[in-house]
Amino acid sequence: MADVPIIKQNASRINETVCIDTKRIFDSCVSKDCAEDLRVTFYGGSQDIIDRAETIKTRDCDIAAVSIDVEDVPFNRGYYSVDINFYFKLRFDVYGSPFANPQTVVGFANFEKKCILFGSEGDVKVFTSTMNPDNNRLDRPESPQYANPTAKVQAVDPVVLDTDVIDIHHCRRPLFTAFPDSVRDLVDDVNFRPNPRKAVLVTLGLFSIVQMERDTQILINALDYCIPDRECACDTQDPCSTFQDIDFPVDDFFPLERDEIQQ
């Protein structure tokens, strides 16, 4: 491969105020939620394994999907209510007897929350000159896109605080079944077992950030273009040589001390 010259940046070449079209964050909030006693939904034969369980341990939990709905707040101009529904995928180690090997089953849970954020006002209709892929024409009319604010949710996978298996007659939590297709596609059998005998309740700790954004034009100071200052490393012919360049993962073998983690 021919040598590629590295393009050096010249900070003195560009120094001006430019207008960019981007999303501006008008409001945001931080949430620390304790989702207590969420009932877990099991599909197919997983419920049969739960019904025979003596003890259950939660192996891990991750966020499978999030649905977000934004609505105007009546009589409060510029404010919007954000309804958020988290869908969790959980894996459990199920023990049928004290000395038996565990079986791994997958279940799902949901958690709903609401917050109110400021998103400003605006009724602009947005049209763009995007090429139509069907006929490669620019002059085909398109439907307008409204410049309404959009909500953005950032979250990390929750911490499992508690897991409990109880008799179905003692469970007062209704079974949630309205999972989106993207969640239901994670299992092969989406049928429910009739007359379950046991239910699983989990308590999760969830950290999230909710932002209200809107398209806007902003003036910024531009110093230079974002030109890469190094050449791409594309030499993958010798995998052993590539491996030798990777640093040894010391932290994976020697866990951090308490004072190092708190720093």
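Look a little higher up for the structure.
Below is a short write-up of the structure. All figures in this text were calculated on a predicted structure; none of them were measured in a lab.

1. Re the pattern of salt bridges
Alright, step 1. As enumerated under the stated definition, the model contains 7 salt bridges in all.
Alright, step 2. Two residues, Asp93 and Arg59, come together in a salt bridge whose shortest N-O distance is 2.8 Å. In this pair, Asp93 is assigned in strand E3 (residues 79–95) and Arg59 in strand E2 (residues 55–72), connecting sequence segments 34 residues apart.
Alright, step 3. Overall, Asp93 belongs to the buried group, its relative accessible area being 13%.
Alright, step 4. For Glu121, the salt bridge identified is with Arg77, shortest N-O distance 2.9 Å. Linking Glu121 in the loop between strand E4 (103–118) and strand E5 (125–126) with Arg77 in the loop between E2 and E3, this pair joins segments that are 44 residues apart in sequence.

2. Structural notes on the environment of Gln47
Alright, step 1. Within the fold, Gln47 resides in helix H1 (residues 46–51).
Alright, step 2. For Gln47, a relative accessible area of 9% puts it in the buried group.
Alright, step 3. For the pair formed by Gln47 and Pro194, sequence separation is 147 residues and the distance between their alpha carbons is 9.5 Å.
Alright, step 4. When residues no more than four places from it in sequence are discounted, the contact partners of Gln47 are Phe42, Arg193, Pro196 and Lys198.

3. Quick look at the packing of aromatic side chains
Alright, step 1. Throughout the structure, instances matching the rule amount to 10 aromatic pairs.
Alright, step 2. Between Tyr43 and Phe108, the ring centres sit 6.0 Å apart and the planes meet at 65 degrees, which makes this aromatic pair edge-to-face. Residue Tyr43 is found in the loop between strand E1 (16–39) and H1, and its partner Phe108 is found in strand E4; the two are separated by 65 residues along the sequence. Accessibility assignment for this pair places Tyr43 and Phe108 in one class, buried.
Alright, step 3. Through successive ring pairs, a cluster of aromatic residues spans Tyr43, Tyr87, Phe108, Phe176, Phe179 and Phe192.
Alright, step 4. Sitting over the face of the ring of Phe26, Arg24 holds its NZ or CZ atom 4.5 Å from the ring centroid.

Definitions and cut-offs
- Residues numbered from 1 in each chain as written.
- Predicted model: local features only at pLDDT ≥ 70, side-chain atom pairs only at ≥ 80, totals over all residues.
- Heavy atoms only, no water.
- Salt bridge = Lys/Arg side-chain N within 4 Å of Asp/Glu carboxyl O.
- Helix = DSSP H or I, 4+ residues; strand = E, 2+ residues; numbered from the N terminus.
- Buried < 20%, exposed > 50% of the residue type's maximum accessible area, 1.4 Å probe, protein only.
- Contact = heavy atoms within 4.5 Å.
- Phe/Tyr/Trp six-rings, centres within 6.5 Å; stacked < 30°, edge-to-face > 60°.
- Lys NZ or Arg CZ within 6 Å of the ring centre and 35° of its normal.

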